[in-house]
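# Report on the structure
The lines below spell out each chain.
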Amino acid sequence: MIATTKSQKIAASSLTHVTLLDEFIRLTQDKIGDQDDAFVRDSLADLLMNLREERAGYVEILGAAAYNRAA
């Protein structure tokens, strides 16, 4: 029961992070399109890559939490 509760809290937290990261990703993509300066575009592209990697990590956590609840 305790493991299930922790798993649910981890899943809820991870889902919140994914939702926020999705918003940051969309915002960053929009800003990249608005930039004329190549340096700024490259900097934002690096940020976008990091945001996507971080999002992928939370998606993995969500998958593990779902697996733990099913077990």
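Source: prediction; values computed, not measured.

Per the counting criterion, the structure on display carries 1 salt bridge. Notably, a salt bridge pairs R55 with D22, separated by 2.3 Å at the nearest N-O pair. Taken together, the residues R55 in helix α2 (residues 38-70) and D22 in helix α1 (residues 2-34) connect sequence positions 33 residues apart. The class for R55 is partly exposed, based on a relative accessible area of 28%.

Positionally, S14 belongs in helix α1. Setting aside residues up to four positions removed in sequence, S14 forms contacts with Y58, I61 and L62.

On the surface, L20, F24 and L27 cluster together into a nonpolar patch covering about 280 Å² of accessible area. Structurally, F24 is set in helix α1. On the basis of relative accessibility, which here comes to 45%, the residue F24 falls in the partly exposed class.

The residue G57 is located in helix α2 in this model. Of the residues examined, G57 reaches a relative accessible area of 29% and is grouped as partly exposed. In this structure, the C-alpha to C-alpha distance between G57 and V18, residues 39 residues apart in sequence, is 9.2 Å.

Before going further, it helps to examine the nonpolar core. Core analysis: the biggest nonpolar cluster contains 8 residues, these being V18, L21, I25, I32, L44, L48, L51 and Y58. Put simply, the parts of the chain that give this core at least two residues each are α1 and α2. Setting aside residues up to four positions removed in sequence, I25 forms contacts with L48, L51, R52 and R55.

Cut-offs used in this document
- Residues numbered from 1 in each chain as written.
- Predicted model: local features only at pLDDT ≥ 70, side-chain atom pairs only at ≥ 80, totals over all residues.
- Heavy atoms only, no water.
- Salt bridge = Lys/Arg side-chain N within 4 Å of Asp/Glu carboxyl O.
- Helix = DSSP H or I, 4+ residues; strand = E, 2+ residues; numbered from the N terminus.
- Buried < 20%, exposed > 50% of the residue type's maximum accessible area, 1.4 Å probe, protein only.
- Contact = heavy atoms within 4.5 Å.
- Patch = residues over 30% accessible without salt bridge, like charges linked within 9 Å, V, L, I, M, F, W, Y side chains within 5 Å.
- Areas by Shrake-Rupley, 256 points an atom, 1.4 Å probe, with all protein chains shown as cover.
- Core = buried A, V, L, I, M, F, W, Y, C linked by side-chain atoms within 4.5 Å.

It is worth stressing that arrangement in space is one thing and function is another; only the former is reported here.
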